[in-house]
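Listed below, chain by chain, are the residues.
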Amino acid sequence: MLDIGIAKDLELKGNKTQLSLQWLNEHSVTEDSEVVDLKISGMGKNDRRYVMKNIYTTSNLSLPIQSCNLETLVTNYNNVNVSKIKFDNYKNVKPKLIISLHHCFLTVPLDVPRSLSAAGPIVTTTRLGVVVYGPTPGEKVSTKNRALHARMCAPSTDSTGNCLQQINWMMQNYFDVETLGVKVTTAQLLSADDERAMELLKKHTRKVGERYECRLLWKQNVPPFPDSFEMALKRLYSVENKMARDIEYGSAYCEKINDYISKGYCRKIEVNELPLNPERVFYLPHFGVKNVNKKGIRIVFDAAAEVKNVSLNKCLLSGPDINNSLISTIFKFREAPIAVCGDIKEMFHQVKIAKEDQDCQRFLWRNGDKNKRVETYVMQRMIFGATCSPTIAQYVKNMNANMFEKESPRAVEAIVNRHYVDDYVDCFQTEEEAAKVVKDVVRIHSVGGFELRNIISNSQRVIQACGESASGVNDSDFSKIPTKRQMLSLNMSIYDPFGFVCEFMVASKILMQKVWKSGIEWDEELPSDLYSNWKLWLGELNMLEEFRIPRCYLKDFSNRKVDLHIFADASEEAMATVAYWRVILIR
């Protein structure tokens, strides 16, 4: 198997298929794959090239990182064989290729393997060069053993010939929610790319005026960008056609771009203005995304758009994932009685991008008027669509907060550990503490150029202290006879990571099994007997509006002994697990 990024870099093409990967005691995925052929050789200039056929591409080759250093080997092993080894040192790199038994002739030893010590490592020569394998001194290894299983999947289609891969992924993601907070995860060591990303952030992040400025997280040895103007122009025409068909969409689009201009998020480039770095000029296509729960639209810049197999995102590092997990955030949200939530306004756009990197964020615009000349603009702030934006935003938010660690430790803890991306989710024992901490959070954010808004609470005193008001929630009504596809869609629309309504949802899942066994197509309505059961369940669905459960576990955990008790049982149709706190006051 071959990492899909390598396959794209080599421009390898092959027959499309599906591949299922499963890690022992971990997750499993099914993904689109291509079966490709490639040539491989050792690193010597005159090394022979060998053909490897029927290699499956994958984006989920999650293999443990590896490190090896020749000086360390020489220092630890006084062995004549060590001095003969020639290779480039590497640190915390992820393997990108698995050589299977079908190509074992490439890795079979050509001489007698030599052990450098009783515990290893082993040195041997293969057709691809010298191989060192086994434990080496000072090497950081994964704390968890892994076994990877792979199988090819025949592509399945519905009655219209459409591939069902997307539905398969939807089903997988749906059931993955049930493992939130349960599935064991292991901390990952930073890869070499992630270490480079963090070094770039530390080196180039600085305060400029009221906001922070960053460089983009460039990969090493980025080639000159090809001319992307025509690609962006064609995409602009497509957006303008949609704006002409949908007047409301077009009006919102123009309003958003004009808002960007007025706020200084972007500026127009003059006709004779020269780029600071001509080799890094890129014109980004853009499109609007509607959010049914919000007014207007969000502008997304397509940093994945390619010209001659080059895109902005291909040249950027994504950086490590330093976001807090959703499950840890909502667990903490239940620790105390006074609840507070809010969100950071336009978080990405509050971070400036250094001038030397702005020209790769150019875009074309003429305010929806096809009679006007197309003009060039450039985004001066971080954009939605760049692969490095999430990491940069979190780094800047936390960096700004940490400056106030001694002054306001609880507010800093709230910003660093109680934000999920741009959403603030917190709870407190008293209204006084809540009001003080929230005010400190607002103040600290403002120092970094961030605005915490839409603050809501279950305490009117906290809301009044923060000068905010709560907002309502819209509900949906479901009443028509569903198809199998629509039934699945409704099931998946109920998001319950805590499992509070799993007793209710399991009935729908059992019914879904029966629908599957009935053999009906995805867009065929449910048969009468199954629809009768569906109506009964749907009638009970409205009862969820009346379902209430205390958000706070207990008003005060101090001076109490807390035990966690878990019970499990199973029937022929389902399994269930329930957990209880047992709280005892210590006198």
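Presented here is a report on the structure given in the accompanying data block.

**Some thoughts on the packing of aromatic side chains**
Part 1 of the argument: Scanning all chains against the criterion turns up 14 aromatic pairs.
Part 2 of the argument: The interplanar angle of 65° and the centroid separation of 5.6 Å between the aromatic rings of Y249 and Y253 together place this pair among those described as edge-to-face. Here Y253 and Y249 lie together in helix α6 (residues 247–263), a separation of four residues that amounts to about one turn. The exposure classification of Y249 matches that of Y253, with both residues buried.
Part 3 of the argument: Judged by centre distance (4.8 Å) and plane angle (15°), the ring pair of F504 and W537 falls under stacked. Of this pair, F504 sits in helix α14 (residues 502–518) while W537 sits in helix α15 (residues 528–541), placing them 33 residues apart in sequence.
Part 4 of the argument: We classify F504 as buried; its relative accessible area is 15%.
Part 5 of the argument: Of the residues examined, W537 reaches a relative accessible area of 4% and is grouped as buried.

**Let's talk about the pattern of salt bridges**
Part 1 of the argument: Overall, the coordinates contain 26 salt bridges when judged by the stated rule.
Part 2 of the argument: Of the charged contacts, one joins R206 and E213 as a salt bridge, the two residues approaching to 3.0 Å between their closest N and O atoms.
Part 3 of the argument: A relative accessible area of 49% places R206 in the partly exposed class.
Part 4 of the argument: Among the salt bridges present, the one from R410 reaches D426, with a minimum N-O distance of 2.9 Å. Taken together, the positions of R410 in helix α10 (residues 409–417) and D426 in strand β21 (residues 423–428) put the pair 16 residues apart, joining distant regions of the chain.
Part 5 of the argument: Where salt bridges share partners, they join E335, R410, E413, R418 and D426 into one cluster.

**Some points on the environment of E521**
Part 1 of the argument: Assignment of secondary structure puts E521 in the loop between α14 and α15.
Part 2 of the argument: For E521, a relative accessible area of 33% translates into the label partly exposed.
Part 3 of the argument: Distance from E521 to R485, taken between C-alpha atoms, is 8.6 Å for residues 36 residues apart in sequence.

**As for the sheet that holds strand β20 (residues 419–420)**
Hydrogen bonds between backbone atoms are what pair the strands of a sheet, whose relative direction is either parallel or antiparallel.
Part 1 of the argument: The strand order across the open sheet formed by four strands is β20-β21-β16-β22, and the pairing between neighbours is antiparallel. Among the strands making up the open sheet, the edge pair consists of β20 and β22 (452–457).
Part 2 of the argument: Direction of pairing for strand β16 (residues 338–344) relative to β21: antiparallel, over a ladder of six bridges. Pairing of A339 across the sheet is with C427, part of β21.
Part 3 of the argument: The strands that helix α11 (residues 431–447) touches are β16, β20, β21 and β22; relative to β21, the one it contacts most, it runs at about 155°.

**Thoughts on the sheet that holds strand β11 (residues 206–208)**
Part 1 of the argument: With mixed pairing, three strands are arranged side by side in an open sheet as β11-β12-β17. A strand with exactly one partner marks an edge of an open sheet, and here the two such strands are β11 and β17 (352–353).
Part 2 of the argument: Two strands pair when backbone bridges link them, and strand β12 (residues 211–214) and β17 are joined in this way by two bridges, in the parallel orientation. Bridging across to β17, E213 finds its partner in K352.

**Let's talk about a nonpolar patch on the surface**
Part 1 of the argument: Nonpolar side chains collect at one region of the surface, where L564, I566, W581 and V583 lie side by side and expose about 400 Å² of accessible area between them.
Part 2 of the argument: Counting only elements with at least two residues in the nonpolar patch, the list comes to β23 (560–570) and β24 (575–585).
Part 3 of the argument: Within the secondary structure, L564 is located in strand β23.

Reading the values: the criteria
Residues numbered from 1 in each chain as written. Predicted model: local features only at pLDDT ≥ 70, side-chain atom pairs only at ≥ 80, totals over all residues. Heavy atoms only, no water. Phe/Tyr/Trp six-rings, centres within 6.5 Å; stacked < 30°, edge-to-face > 60°. Helix = DSSP H or I, 4+ residues; strand = E, 2+ residues; numbered from the N terminus. Buried < 20%, exposed > 50% of the residue type's maximum accessible area, 1.4 Å probe, protein only. Salt bridge = Lys/Arg side-chain N within 4 Å of Asp/Glu carboxyl O. Pairing = 2+ DSSP bridges. Contact = heavy atoms within 4.5 Å. Axes fitted to C-alpha atoms, helices over the stretch in contact; angles between N-to-C directions. Patch = residues over 30% accessible without salt bridge, like charges linked within 9 Å, V, L, I, M, F, W, Y side chains within 5 Å. Areas by Shrake-Rupley, 256 points an atom, 1.4 Å probe, with all protein chains shown as cover.

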